[in-house]
Amino acid sequence: MPYLETRPPRSHGAVPVPVTVFDDGAAAVVNLDPALLAALRRAASVAAAEGVEILVNGGWRSPEYQEWLLVDAVARYGSAAEAARWVATPDTSAHVSGHAVDVGPSAARVWLSEHGSRFGLCQIYRNEPWHYELRLEAVEGGCPPMYADPSEDPRMRR
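For the structure given in this document, a descriptive report is provided here. (Residues numbered from 1 in each chain as written. Predicted model: local features only at pLDDT ≥ 70, side-chain atom pairs only at ≥ 80, totals over all residues. Heavy atoms only, no water.)

### Overview of the pairing of strand E3 (residues 100-104)
Next, step 1: A large share of E3 lies buried, amounting to five of its five residues.
Next, step 2: A two-sided burial pattern is seen for E3, the buried positions comprising Ala 100, Asp 102 and Gly 104 on one face and Val 101 and Val 103 on the other.
Next, step 3: Alignment of strand E2 (residues 55-58) against E3, held across three bridges, turns out to be antiparallel. The residue of E3 that forms the bridge with Val 56 is Val 103. (Buried < 20%, exposed > 50% of the residue type's maximum accessible area, 1.4 Å probe, protein only. Helix = DSSP H or I, 4+ residues; strand = E, 2+ residues; numbered from the N terminus. Pairing = 2+ DSSP bridges.)

Printed below as a string of structure tokens:
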């Protein structure tokens, strides 16, 4: 897969400026898994009624964009092993499959950490308080224990 010299465009899922979860013009939002998007929108509606706006900083990504992020992370952190604590490969990324969303601002992350399980939205990695995935079993039983970082997630070892 060729490395892209510049950040990929919005059509690849780039989110240069955070967008609302209701932005049907953002590829990062509309290409999310439909169940994740529905849960995220339900949560955002309840949060908004409580004065908290949930924005999307990252969502669905093309494989090319994910590769760009990975190459950038290796350059930034100095090794593939260290980069793996922050960025998945295109073939293992929950963002590429549309099953992960990165949210902000901090008030939204706090709100989701307290209320997200009601909607099946769970923080997956301790080092990424912005990264949420849908875990429907959380509605009844709460979110599963978090991994310290993506390098501990068995899904990353395909």
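### Some words on the packing of aromatic side chains
Two aromatic rings, taken as a pair, are described by how far apart their centres are and by the angle between their planes.
Next, step 1: Summed over the entire model, instances satisfying the criterion amount to four aromatic pairs.
Next, step 2: Pairing Tyr 77 with Trp 86 gives two aromatic rings, centres 6.2 Å apart and planes at 15°, and the pair type is stacked.
Next, step 3: Note that Arg 61 overlies the ring of Tyr 65, its terminal NZ or CZ placed 6.0 Å from the centroid. (Phe/Tyr/Trp six-rings, centres within 6.5 Å; stacked < 30°, edge-to-face > 60°. Lys NZ or Arg CZ within 6 Å of the ring centre and 35° of its normal.)

### So, the state of the cysteines
Next, step 1: The final tally for this structure, using the stated rule, is one disulfide.
Next, step 2: There is a disulfide in this structure between Cys 122 and Cys 143, and the S-S distance comes to 2.1 Å. Its torsion about the S-S bond being -85°, the disulfide of Cys 122 and Cys 143 is classed as left-handed. On the criterion of sequence distance, the pair formed by Cys 122 in strand E4 (residues 121-123) and Cys 143 in the segment after helix H6 (138-141) is long-range, its members being 21 residues apart.
Next, step 3: Residue classification places Cys 143 among the partly exposed positions, given a relative accessible area of 35%. (Disulfide = S-S within 2.5 Å.)

### Concerning the environment of Ala 26
Next, step 1: Mapping Ala 26 onto the fold places it in the loop between strand E1 (19-20) and helix H1 (27-30).
Next, step 2: As a C-alpha pair, Ala 26 and Ala 138 span 112 residues in sequence and 28 Å in three-dimensional space.
Next, step 3: Filtering out sequence-adjacent residues up to four positions away, Ala 26 remains in contact with Arg 10 and Val 19. (Contact = heavy atoms within 4.5 Å.)

### Notes on helix H5 (residues 106-115)
Next, step 1: Within the sequence span of H5, burial applies to Ala 108, Trp 111 and Leu 112. One face of H5 carries all of its buried residues, which in axial projection span an arc of 95°.
Next, step 2: The inward-facing, buried residues of H5 abut helix H2 (34-49), E3, E4 and strand E5 (131-134). (Arc of directions from axis to C-beta.)

### Let's talk about the side chain of Asn 127
Next, step 1: Assignment of secondary structure puts Asn 127 in the loop between E4 and E5.
Next, step 2: Among residues more than four places away in sequence, those in contact with Asn 127 are Arg 85, Trp 86, Ala 148, Asp 149 and Pro 150.

### Structural notes on unusual backbone geometry
Next, step 1: Here Gly 104 and Pro 105 are connected by a cis peptide whose omega angle stands at -10°.
Next, step 2: In this structure, Pro 105 sits in the loop between E3 and H5.

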